[in-house]
Amino acid sequence: MLRTPPTWSFDSSGADEGVFVALDEDGWAGGFRPNILVTQAAPEEVLSLDHLLETQRGLESELESQMTDYRLLYLWGDRLGTDDSQAVRRTASYTNHDGVPLTLNQWIARRIAAEVSFTLTFPTADLPVWSDAALMLAAGLAWKDRG
Amino acid sequence: MSETADELILTPEAFHALASGEHDDPDTASTLEDEQGRPVLAAGQAQAPYEGLVSAYRTKRAMFLIDRADGRGQSRRGYVWWGPEGCLSADQPDDGSVRIKWESSVARFRVLIDLLGLGDRPVPEVVGDPIQLKATMLEQLADDEPQTATAARTDLSDKAMSISPDIAQSIAEGNMEMVSLVSEWDSPQGNQTGGTVWIDTPSGVLLHSTERALLRQRHLLEPAPSWLLWSRAVEALPSPDIFDWWNETS
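The following paragraphs examine the structure supplied in this document. (Residues numbered from 1 in each chain as written. Chains lettered and ligands numbered in written order. Predicted model: local features only at pLDDT ≥ 70, side-chain atom pairs only at ≥ 80, totals over all residues. Heavy atoms only, no water.)

## Some details on the overall build of chain A
When helices and strands are tallied, chain A shows 3 helices and 7 strands. Each helix and strand of chain A, ordered N terminal to C terminal, gives the series β-β-β-α-α-β-β-β-β-α. Its C-alpha radius of gyration of 15 Å places chain A within 12% of the 15 Å reference for a compact globule of 147 residues. Counting only C-alpha atoms, chain A reaches 45 × 35 × 30 Å along its principal axes. Expressed as a percentage of its 147 residues, the buried residues of chain A come to 48%. Sequence separation of at least 24 residues holds for 47% of the intrachain contacts in chain A that already meet a minimum separation of 6. In the form shown here, chain A has an accessible surface area of approximately 7700 Å², with 51% of it arising from carbon and sulfur atoms. Within chain A, the 22 negative side-chain charges are centred at a point lying 5 Å from the centre of the 11 positive side-chain charges. (Helix = DSSP H or I, 4+ residues; strand = E, 2+ residues; numbered from the N terminus. Rg over C-alpha atoms; globule rule 2.2 N^0.38 Å. Buried < 20%, exposed > 50% of the residue type's maximum accessible area, 1.4 Å probe, protein only. Contact = heavy atoms within 4.5 Å. Areas by Shrake-Rupley, 256 points an atom, 1.4 Å probe, with all protein chains shown as cover. Lys, Arg positive; Asp, Glu negative; His and termini not counted. Charge placed at Lys NZ, Arg CZ, Asp CG, Glu CD.)

## What about helix α5 (residues 146-160) of chain B?
Given 3.6 residues to a turn, an α-helix orients residues that are three or four positions apart in the same direction. The end-to-end C-alpha separation of α5 of chain B is 20 Å, in line with the 21 Å expected for 15 residues at 1.5 Å each. On its buried face, α5 of chain B sits against β9 (131-133), α4 (135-141), α6 (165-172), β11 (190-201), β12 (204-212) and β13 (217-224) of chain B. (Expected span 1.5 Å × (residues − 1).)

## Looking at the interface of chain B and chain A
Counting residues at the interface gives 20 residues for chain B, matched by 23 residues for chain A. Summed over both sides, the interface between chain B and chain A buries roughly 1900 Å², with carbon and sulfur atoms accounting for 66% of that surface. Inspection of the chain B/chain A interface yields 3 salt bridges. In this structure, the salt-bridge partner of R71 of chain A is D114 of chain B, at a minimum N-O distance of 2.8 Å. At the junction of chain B and chain A, the tally comes to 7 residue pairs in polar contact (both at pLDDT 80 or more). Counting residues per element, the ones that place at least two in the side of chain B that touches chain A are α3 (108-116) and α7 (226-235) of chain B. The element best represented in the side of chain B that touches chain A is α7 of chain B, accounting for 6 residues. (Buried area = accessible area lost by both parts, 1.4 Å probe. Salt bridge = Lys/Arg side-chain N within 4 Å of Asp/Glu carboxyl O. Polar contact = N/O pair within 3.5 Å; in protein donor to acceptor, adjacent residues only side chain to side chain.)

## Some words on the nonpolar core
The biggest cluster of nonpolar side chains holds 53 residues, and the ones touching the most others in it are L80, F118 and L120 of chain A together with F64, L116 and W230 of chain B. In terms of residue count, α3 of chain B provides more of this core than any other element does, 6 residues in total. By size, the runner-up hydrophobic cluster in this structure holds 21 residues, among which are F15, Y50, Y57 and L65 of chain B. (Core = buried A, V, L, I, M, F, W, Y, C linked by side-chain atoms within 4.5 Å.)

## Remarks on unusual backbone geometry
Residue and element names in this part refer to chain B. With an omega of 0°, the peptide bond between A48 and P49 qualifies as cis. A positive phi angle, close to 50°, is found at A29, a residue other than glycine. Along the chain, A29 falls in the loop between α1 (12-19) and β2 (32-33).

## So, the sheet that holds strand β7 (residues 115-123) of chain A
By way of backbone hydrogen bonds, the strands of a sheet pair with one another, either parallel or antiparallel. Residues and elements named next belong to chain A. The 7 strands lie next to each other as β1-β2-β3-β7-β6-β5-β4, forming an open sheet whose pairing is antiparallel. Each edge of the open sheet carries a strand with a single partner, namely β1 (9-11) and β4 (68-80). Within the sheet, the average angular offset between the axes of one strand and its neighbour, ignoring direction, is 15°. Bridge count for strand β3 (residues 35-41) against β7 is 7 bridges, and the pairing is antiparallel. Considered in β7, the bridge of N35 is made with T121. Here helix α1 (residues 49-57) sits on the sheet and contacts β4, β5 (85-95), β6 (101-110) and β7; the angle it forms with β5, its principal contact strand, is near 20°. Contacts from helix α3 (residues 127-139) reach β3, β4, β5, β6 and β7 within the one sheet, and its direction differs from that of β7 by about 165°. (Pairing = 2+ DSSP bridges. Axes fitted to C-alpha atoms, helices over the stretch in contact; angles between N-to-C directions.)

## What about the packing of α5 of chain B against α6 of chain B?
Residue and element names in this part refer to chain B. Two numbers describe how α5 lies on α6: the axes approach to 8 Å, and their chain directions differ by 165°. Taken together, the axis directions place α5 and α6 in an arrangement best described as roughly antiparallel. Relative to α6, α5 is oriented so that their crossing is left-handed. Each of R153, L156, S157 and A160 in α5 lies in contact with α6, whose residues at this interface are P165, A168, I171 and A172. The residue makeup of the contact of α5 with α6, split by class, is 6 nonpolar, 1 polar and 1 charged. (Parallel < 35°, antiparallel > 145°, perpendicular 65-115°, else oblique. Left-handed = near helix turned anticlockwise from the far one by under 90°. Nonpolar A, V, L, I, M, F, W, Y, C, P; charged D, E, K, R; others polar.)

## Overview of the packing of α3 of chain B against α7 of chain B
All names here are of chain B. Running from amino to carboxyl end, α3 crosses α7 at an angle of 120°, the nearest separation of the two axes being 12 Å. On the basis of the axis angle, α3 is oblique to α7. Crossing hand, α3 versus α7: right-handed. On the side of α3, the interface is formed by F109, L112, I113 and L116, while α7 contributes W230, A233 and V234. Of the residues contributing to the contact of α3 with α7, the split by class is 7 nonpolar, no polar and no charged.

## Observations concerning the pairing of β4 of chain A
Residues and elements named next belong to chain A. Relative to β5, β4 runs antiparallel, the two sharing 10 bridges. When the sheet's bridge partners are listed, L72 is paired in β5 with A92. Hairpin geometry of β4 and β5 is characterised by an intervening segment of 4 residues between the two adjacent antiparallel strands and by a positive phi of about 90° at G81.

## A few points about the pairing of β5 of chain A
Residues and elements named next belong to chain A. Of all 11 residues in β5, 10 are buried, a share of seventy percent or more. The sheet contact formed by β5 and β6 spans 8 bridges and is antiparallel. Within β6, the residue paired with T95 across the bridge is P101. Between β5 and β6, which pair antiparallel in sequence order, lie 5 residues; one of them, G99, sits at a positive phi of approximately 75°.

Pasting the structure below:
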């Protein structure tokens with residue numbers, strides 16, 4: 001369960017693939033609409049936080065090659081959701097195709113039932129407004145494990 | 001050579017003159033040459049192919065200074081000048097020529113990250129309370145006299161032992177940088193300033209903060225996740241509406 005600000009739109013058309021997107025109706029710096037991407041997948045195995053961190057580090061060279069001016073700013077342990085699940089957090093800076101500098105905050109948590117990622121992206125110029133909101137939204141994510 | 005240069009290489013002396021504002025005003029009719037002796041300014045006027053770069057410099061509305069001191073007497077300074085015509089940056093080592101790059105405003109955050117040396121750092125285990133220190137210790141850490149800097153570094157390492165032995169050890173080994181960002185920009189309310197300071201080590205980061213004590217300011221250092229450094233750095237820059245205002249008033 002994710003509580004987004006009331007004015008945001010929500011796209012669950014990718015639900016079959018476990019992908020949900022919430023999007024701010026308003027454009028911020030550079031016209032960019034801050035958004036949250038939530039993915040959910042059945043993990044092959046339960047990983048410890050150290051293993052999860054290692055897996056995420058393995059993705060870095062691909063992110064670097066795919067995103068313009070990509071710079072990793074943080075990749076280490078953190079907490080996600082209302083029950084403070086152990087998670088890996090990634091914070092990175094990059095520039096999108098429209099030339100808007102963005103900051104990405106991503107949390108990845110793996111539980112018995114699912115691996116969940118929660119990614120909030122906003123224009124870096126608006127970071128002073130968004131950084132606290134990012135923490136609140138990530139902390140407010142509620143788990144609802146099935147049986 | 002292309003018609004518009006997006007790069008200017010200067011001797012240390014010429015860069016120093018530029019950075020200290022000697023060429024800001026065209027009316028001073030100053031002369032500036034690039035490292036190869038080609039004219040950049042003649043009688044205060046920009047020369048091809050440097051007109052665009054010089055104009056971006058002269059119309060700047062903000063300046064960011066980034067200092068990185070190694071606590072052993074060595075330091076380097078990074079410069080960012082930003083305004084409606086783009087972002088200029090330079091990384092000045094202790095000696096040698098200085099390369100000034102001119103890019104669009106979009107580049108400013110990437111430039112800043114690289115000049116600050118920001119990156120992924122571990123979050124160390126915290127075993128105690130924030131370190132209290134005197135502001136002079138930070139000044140001494142950045143001192144260009146190796147003995148003064150090293151003494152301050154040893155002192156800092158001793159203090160850091162009580163909050164993070166990992167960071168304390170990195171500092172003791174000289175595996176550290178004191179990074180400071182100072183920013184200044186033009187706003188409708190006049191000149192505004194911002195800034196932040198931290199100690200960067202491979203074992204983690206100590207972020208500086210101040211606390212009001214009864215009659216004086218108390219200086220603190222405590223471990224922080226590296227994403228927080230990015231927040232502090234961006235918070236020390238002018239906001240998007242200031243950039244809009246520059247464009248309206250340029």
